Amino acid sequence: MSKPKRYLEGQDTEPVAAIVKAIDKDVERGEDILMFGLCLVILSSTFAPLAPPTVLLPLVALTFAVSSGFARKNYHDMERKLQEAMVQLERRDQALLRPIATVFSEHPMPPLIDSYNLLGNLKRTWKSVLGGILINPLWMPIFYVMGIQIVEERNLGILNKAVCGVEQKIAPPAMDIEEGQP
């Protein structure tokens with residue numbers, strides 16, 4: 001199943017609801033990508049008796065790097081699709097989606113090349129080196145890409161809160177079960 005290239009493909013009624021629903025699915029997709037990477041890393045310890053640390057630890061770092069890379073691409077795709085959709089909406093609808101767009105502007109995700117720049121991320125590099133000194137030098141790349149993964153998870157969490165807030169604003173009022181009144 002391929003994901004849509006735009007949020008407003010074939011939507012004529014309730015465009016805000018359709019956009020929020022699509023963004024919510026994309027946020028879930030990003031969370032699933034990160035969780036899949038984390039699960040693979042956790043399961044990697046089962047291969048410890050079979051593979052030496054010089055093989056297993058770089059594979060763990062690579063798993064974190066791949067999952068955070070796919071999550072970053074998903075984040076950038078959400079941002080692009082939201083910007084394209086907001087241009088097509090009326091001012092009132094744009095105002096409803098503004099909290100989500102604000103998350104993208106306040107928490108921009110730089111390209112992965114910037115995230116992997118060791119000199120551009122001195123704090124993360126220092127933490128990785130310190131962890132490598134304390135545990136094992138082969139853990140340095142794992143700590144570094146784990147930091148990238150944590151940033152991805154944090155931004156998806158912030159985005160998810162914004163999506164939930166917009167969903168609450170656009171949701172119809174709940175019916176009172178006993179009285180049958182909104």
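Engineer: Looking at this structure, I do not really get the pattern of salt bridges. What am I missing?
Structural biologist: Once the charged atoms of two side chains with opposite charge are near each other, the side chains can pair. Applying the stated criterion across every chain, the model contains six salt bridges. In this structure, lysine 81 engages aspartate 26 in a salt bridge whose closest nitrogen and oxygen atoms are separated by 3.0 Å. One end of the pair, lysine 81, is in helix α2 (residues 53–87); the other, aspartate 26, is in helix α1 (residues 15–43), and 55 residues separate them in sequence. Here lysine 81 and aspartate 26 have matching classes, each one buried. Notably, a salt bridge pairs arginine 80 with glutamate 84, separated by 3.4 Å at the nearest N-O pair. Here arginine 80 and its partner glutamate 84 are both found in helix α2, four residues apart, which amounts to about one turn of the helix. Take glutamate 84: its relative accessible area is 32%, and that puts it in the partly exposed class. Bridged by salt links that share partners, the residues Asp26, Arg29 and Lys81 form one connected network.

Engineer: Hey, could you run me through the packing of aromatic side chains in this one?
Structural biologist: Any pair of aromatic rings gets described here by the distance separating the centres and the angle formed by the planes. Considering all chains together, one arrives at two aromatic pairs under this definition. On the basis of an interplanar angle of 35° and a centroid distance of 5.6 Å, the ring pair of tryptophan 139 and phenylalanine 143 is categorised as tilted. What makes tryptophan 139 partly exposed here is its relative accessible area of 29%. Just above the ring of tyrosine 144 sits the side chain of arginine 124; from NZ or CZ to the centre is 5.3 Å.

Quick notes on the rules
Residues numbered from 1 in each chain as written. Predicted model: local features only at pLDDT ≥ 70, side-chain atom pairs only at ≥ 80, totals over all residues. Heavy atoms only, no water. Salt bridge = Lys/Arg side-chain N within 4 Å of Asp/Glu carboxyl O. Helix = DSSP H or I, 4+ residues; strand = E, 2+ residues; numbered from the N terminus. Buried < 20%, exposed > 50% of the residue type's maximum accessible area, 1.4 Å probe, protein only. Phe/Tyr/Trp six-rings, centres within 6.5 Å; stacked < 30°, edge-to-face > 60°. Lys NZ or Arg CZ within 6 Å of the ring centre and 35° of its normal.

Spatial relationships are all this shows, so hold off on functional conclusions.
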